[in-house]
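Notes for the structure review
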Amino acid sequence: MAVTIWDHPLSPYAQKVKIALREKGVAFDTAIPGGIGVGGAAGDFVAANPRAEVPALIHDDVAIFDSTIILEYIEDAWPTPPLLPATPAERARVRMIEEVVDTHLEAVNWGLSELRWFRRAEGPLGDALAGKAAAQIRGYHAWLERALGDREWFNGDSFGWGDLSVVPYVNGSAGHGVPPAEGSPLAAWLARANARPSVRDTVAESAAVAASGGMGDVAKLLDQGLFKREYRDHRLEWMVKSGGIDVVTQGLAKGNIRFSPDLA
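We now turn to the structure provided with this report.

Criteria and cut-off values
- Residues numbered from 1 in each chain as written.
- Predicted model: local features only at pLDDT ≥ 70, side-chain atom pairs only at ≥ 80, totals over all residues.
- Heavy atoms only, no water.
- Pairing = 2+ DSSP bridges.
- Helix = DSSP H or I, 4+ residues; strand = E, 2+ residues; numbered from the N terminus.
- Axes fitted to C-alpha atoms, helices over the stretch in contact; angles between N-to-C directions.
- Parallel < 35°, antiparallel > 145°, perpendicular 65-115°, else oblique.
- Contact = heavy atoms within 4.5 Å.
- Salt bridge = Lys/Arg side-chain N within 4 Å of Asp/Glu carboxyl O.
- Buried < 20%, exposed > 50% of the residue type's maximum accessible area, 1.4 Å probe, protein only.
- Core = buried A, V, L, I, M, F, W, Y, C linked by side-chain atoms within 4.5 Å.

**Topic: the sheet that holds strand β3 (residues 56-59)**
- Reading across the sheet, the four strands line up as β2-β1-β3-β4 and stay open at both edges, with mixed pairing between neighbours. The sheet is open, and its two edges are formed by β2 (29-31) and β4 (62-65), each paired on a single side. Going from strand to strand, the sheet's axes swing by 20° on average, the running direction of each strand aside.
- Direction of pairing for strand β1 (residues 3-6) relative to β2: parallel, over a ladder of three bridges. Across the sheet, residue T4 finds its bridge partner in β2, namely D29.

Structure representation (structure tokens):
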């Protein structure tokens, strides 16, 4: 049995897959696809995922893309220990939590990365976008606290699908300077989650990339057309609704926005 993850350590979608495999005790290798940031992804990676996005999972001769579909596959292929709750209602509950953070909170964190790393907007527009992002994150923190309720874990009595889906995004927001409120239930949950070996090891991989200057001067590369960014789906919605339509139009004009490759 061979398991490989097409990965980037800073991707929250890839992080939740690696946490799931580590919780299951499944050994895996990782590979970072070439050309992923410059619109030049090709070969085995694109064969595994036609959207040219991480993660993709290769299990022997099976290739799966989309982090949620990968989690479903992991749960089916390695059912012990289970990561989903036992009842249909509880399974639906944690899947809905995953959907919110995957398509809403991820977009806000991504927007802050556009400002912090790629300097897509500076001055008054940058300040306005950052302020809106921080307020939105606090709103999602409040929503997550309501979803957590009086449970120890989002999954219920034990760490599982609901928790591994949330922790990359709450950590991501904290990395952008918007952590859960000190002393809050969400902050206490985050500390418990980050103490788990599966999460700790995954976070350490991300931290190592950041500490080594792995992002480099990507803003300069972007301006030179040597790096491309993805403005689609929920991310495009966030940028437009938050007042950054000029960021999108300027990116289109400069040709530094990447779209999915055409399929042949």
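**Comments concerning the packing of helix α1 (residues 12-24) against helix α3 (residues 67-77)**
- Packing of α1 against α3 leaves a shortest axis separation of 9 Å and a crossing angle of 10°. By the angle class used here, α1 and α3 are roughly parallel. Contacts between α1 and α3 involve Y13, K16, V17, A20, L21 and K24 on the former and, on the latter, S67, T68, I70, L71, I74 and E75.

**Comments concerning the pattern of salt bridges**
- The full count for this structure, using the stated rule, is 12 salt bridges.
- A salt bridge links R22 to E205, with the shortest nitrogen-to-oxygen separation between them at 2.4 Å. In this pair, R22 is assigned in helix α1 and E205 in helix α8 (residues 197-211), connecting sequence segments 183 residues apart.
- Exposure remark for E205: the relative accessible area of 28% places this residue in the partly exposed category.
- Residues E23 and R196 are paired through a salt bridge, measuring 3.0 Å at the closest nitrogen-oxygen approach. Taken together, the positions of E23 in helix α1 and R196 in the loop between α7 (185-195) and α8 put the pair 173 residues apart, joining distant regions of the chain.
- A network of salt bridges, in which partner residues are shared, links D7, K18, R22 and E205.

**Let's talk about the nonpolar core**
- L21, L144, F154 and W189 are the most contacted members of the largest nonpolar core, which has 57 residues in total.
- Among residues more than four places away in sequence, those in contact with F154 are R93, V94, I97, L144, A147, L148, G162, D163, V166, L186 and W189.
- In this structure, W6, A48, V54 and A56 belong to the second largest nonpolar core, which totals seven residues.

Just geometry here; none of it tells us what the structure is for.
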